[in-house]
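Examination of the molecular architecture
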Amino acid sequence: MKISVIIPLYNAEKYFAVCLESLLIQTFKDYEVIVVDDCSTDNSVVIAESFLERFGGRLRIISLEENTGSGAVPRNIGLEYASGEYVYFVDADDLLIDIALETLYNYAEEYQAEIVYMERGFTCGAELVPQNLTEVFWNPPRFTSEKPVLETENLSERVERFLKLAIGMPPWEKFLRRDFLIDNGIKFPAIKISEDIIWTFKLLCKANNFLRLPLALYIQRDNFSSMTRRNRSPEQEVLFWTNPLLRGMEILNDFMSEINFFKTNAPVKFAVLKFFAKIQLDFMANVFKSLEPQKAYEIILHEFSRAGSSQPALIAYLLVMNNLYRNELAK
Amino acid sequence: MKVSVIIPLYNAQNYIAACLESVLNQTFQDFEVIIVNDCSNDNSCAVAESFSEKFGGRLKIISLPNNTGNASIPRNEGLRFSRGDFVFFMDNDDLITPNALETLYKFAENARADVVYMERGFLLTGKNVIAANWDKNSAKITNPTLETQNISVRIENFLKTSYGWAPWTKFIRRDFLIANKIDFPHVKISEDVLWSFKIICLAKNFLRIPNQLYICRSRTDSLSRIKREPKDEIKFWLDPLVKGLDYLNDFMSGDFFYQNPNFRFDVTNFFVKMQLAGMLRALKNLNRYQLYQIICESFSDSKYAPLIAYLFVVMNFYRDKFSEVK
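Values in this document were obtained by computation on a predicted structure and should not be read as measured data.

In this section: the interface of chain A and chain B. Opposite the 35 residues of chain A that make contact, chain B presents 36 residues. When chain A packs against chain B, close to 3500 Å² is buried across both sides, 74% of that on carbon and sulfur atoms. A per-residue breakdown of the area chain A buries against chain B is headed by A:Phe270, A:Tyr317 and A:Tyr325, which together make up 20% of the total. One can count one salt bridge joining chain A with chain B. Between B:Arg264 and A:Glu298 there is a salt bridge, and its shortest N-O distance comes to 2.7 Å. The tally of links between chain A and chain B comes to six residue pairs in polar contact (both at pLDDT 80 or more). At the level of secondary structure, the elements contributing two or more residues to the side of chain A that touches chain B comprise helix H9 (234–257), helix H11 (266–289), helix H12 (293–306) and helix H13 (312–330) of chain A. Considering each element in turn, the side of chain A that touches chain B owes the most residues, 14 residues, to H13(A). Counted by class, the side of chain A that touches chain B contains 23 nonpolar, six polar and six charged residues.

It is worth spelling out the pattern of salt bridges at this point. Note that side chains of opposite charge can pair when their charged atoms are close. All names here are of chain B. All chains considered together, the criterion is met by 25 salt bridges over all chains. The salt bridge partner of Lys 54 is Glu 21, with a shortest N-O separation of 3.7 Å. With a gap of 33 residues between them, Lys 54 in helix H3 (residues 52–55) and Glu 21 in helix H1 (residues 16–24) connect regions that are remote in the sequence. Among the ionic pairs, Glu 191 bridges to Arg 75, the shortest N-O distance being 3.6 Å.

What follows concerns the packing of aromatic side chains. Here the distance between the centres and the angle between the planes together describe a pair of aromatic rings. Residues and elements named next belong to chain A. Within the structure shown, the criterion is met by 50 aromatic pairs over all chains. Seen in terms of ring centroids, Phe 162 and Phe 201 are 5.1 Å apart; in terms of plane orientation they differ by 55 degrees. Their pairing is tilted. Taken together, the residues Phe 162 in helix H6 (residues 155–163) and Phe 201 in helix H8 (residues 195–206) connect sequence positions 39 residues apart. One exposure class covers both Phe 162 and Phe 201, and it is buried. These aromatic residues form a ring-pair network of at least three members: Phe 28, Tyr 86, Tyr 88, Tyr 105, Trp 138, Trp 172, Phe 175 and Tyr 218.

What follows concerns H1(B). Listed in full, the buried residues belonging to H1(B) are B:Ile16, B:Cys19, B:Leu20, B:Ser22, B:Val23 and B:Leu24. For H1(B), the secondary structure elements touched by its buried residues are strand E1 (3–9), strand E2 (31–37), helix H2 (44–49), H3 and strand E5 (95–96) of chain B.

Our focus in this paragraph is the side chain of B:Asp38. The topology assignment puts B:Asp38 in the loop between E2 and H2. In this structure B:Asp38 touches B:Leu9, B:Tyr10, B:Leu64, B:Asn66, B:Asn67, B:Thr68, B:Gly69, B:Asn70 and B:Pro74, once residues within four positions along its chain are discounted.

In this structure the tally under the stated criterion is zero disulfides over all chains. Free of any disulfide, A:Cys19 has its nearest neighbouring cysteine sulfur in A:Cys124, separated by 12 Å. For the unlinked cysteine B:Cys296, the closest cysteine sulfur is that of A:Cys205, found at 18 Å. On the basis of relative accessible area, B:Cys296 is assigned to the buried category, the value being 17%.

Procedures and definitions
- Residues numbered from 1 in each chain as written.
- Chains lettered and ligands numbered in written order.
- Predicted model: local features only at pLDDT ≥ 70, side-chain atom pairs only at ≥ 80, totals over all residues.
- Heavy atoms only, no water.
- Contact = heavy atoms within 4.5 Å.
- Buried area = accessible area lost by both parts, 1.4 Å probe.
- Salt bridge = Lys/Arg side-chain N within 4 Å of Asp/Glu carboxyl O.
- Polar contact = N/O pair within 3.5 Å; in protein donor to acceptor, adjacent residues only side chain to side chain.
- Helix = DSSP H or I, 4+ residues; strand = E, 2+ residues; numbered from the N terminus.
- Nonpolar A, V, L, I, M, F, W, Y, C, P; charged D, E, K, R; others polar.
- Phe/Tyr/Trp six-rings, centres within 6.5 Å; stacked < 30°, edge-to-face > 60°.
- Buried < 20%, exposed > 50% of the residue type's maximum accessible area, 1.4 Å probe, protein only.
- Disulfide = S-S within 2.5 Å.

Any functional reading would require information beyond the geometric quantities listed.
Shown next as structure tokens:
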């Protein structure tokens, strides 16, 4: 069929029914919905199952055996099961307006786009009423268009714009050709946070026709329980950010090592790695404020040694010193 | 026999004779001299060999098959061949006073010392001999004094550089080195700092003496003073920085450091800053991209090369800003 809607599910009992309802009322009918449950401990799966009949065979629920901690693996697994020409990753808390799939499909076909990127969307408070809906740009307004427009084919320009945040990172801003993803081996890296940054970067580097669409079709609920905000002890906080930092840089580095443009443009490669690292380090900076350098060093050294990284002492030291200087300079 | 004098030899044809003469003239004669020749390409070896007869069988010359770049491996080899109760690592361009070995041996035996540490000595500059302290913040004792056995205090002193780290400041019980597997790490520079740190942490009886027994020849062509291109300078100092951290990290994993983890960062910080100081001028002559490239190359077989390079570049940037602000 034409579209696979893939939804990673984890403890979304409050809003999931509304999400599925919004799919049922789509004007475009030729789709399947693949829900991948990451071991929810609430009623999410019961709710999903209650929709099976109404979807008439188009809804499929896959249950993972062990919780994987983020949306990355569930999405990858959903992609494996998908058979639509296009895929669309939707979050279980959110919803689509009724003409979303039809609009996305039509534009994708018209422009032969591997990716349709929605520059705009809606955010909405807890209660889904018109006065709570706000139309927003997902990237800085100076990068938005008034009409659908194809992103430049020039990779150098694309990367430059990426580094200026001309494109948003969340998966649900993009409608994708399935065989484009498969042919290029583009999956979500299995890190707990910022996996969408890397995934988006890969899309940008590999897609020929990347269409920017200035239409708001997706409604994002304000996310109170986001991964970035959960309560963690300083130790857990450090661990939480260091692994994505390490792994993420590794993955980006490996990815760029296979692309000629980056092989011959080392400063640009550096800029991309710096961009990614800076985001992680910015998140980590707050944590270091509440820890003494000696203690932070201990935690990171232990974690890196345990994870078998080379030069654990050097990396731990550099991380601690960077934060020490940042905090001192901020004073 | 009682004492092994171990001398790493490299292109010291102008100095080795005086060095060996000073050992020959010792009041204490129960020693062997082990010279480890690191592929000198001048007359050093011939000069050394000319002393064989005078030493009457007590002089051994070992020649390494390939040049190793610094004194670490020669010293380690020398230790391996040594048979004395005590070892003394001497530099090939220096000298000892006639009563040096006798004094050191007596103190070592009386105090049952693992290490006898000379905090003072002489500097030979041109023709002038001047008195010198080997550490910046020495205890300035007047009598031989046993260092505290409290390791925390010793490390704190170490961090304040109140121990000189040159190998020739120490007269060491051989068993102590062997039992604790204390080797010189094979790094381009600062190997003596790392080696000294282990000794300071592990030695039980560490005797500090005020006697001036060693004469260090001041030279302008030491490893740290050779002029290099900025790129090579960075790589030169990165070598000890990286290997040194791993060496320290491995060492600082025993019980004491388990109970006193704060020292791990403090000692690491101390050592890294020392290497950074060596690279300072080179750092000022490179822009961020160049520095990044150099570091990536230096770590080319590590997955984390870009991360290390990035963090290093940023840290350097902050450090500059920080010192501006200060």
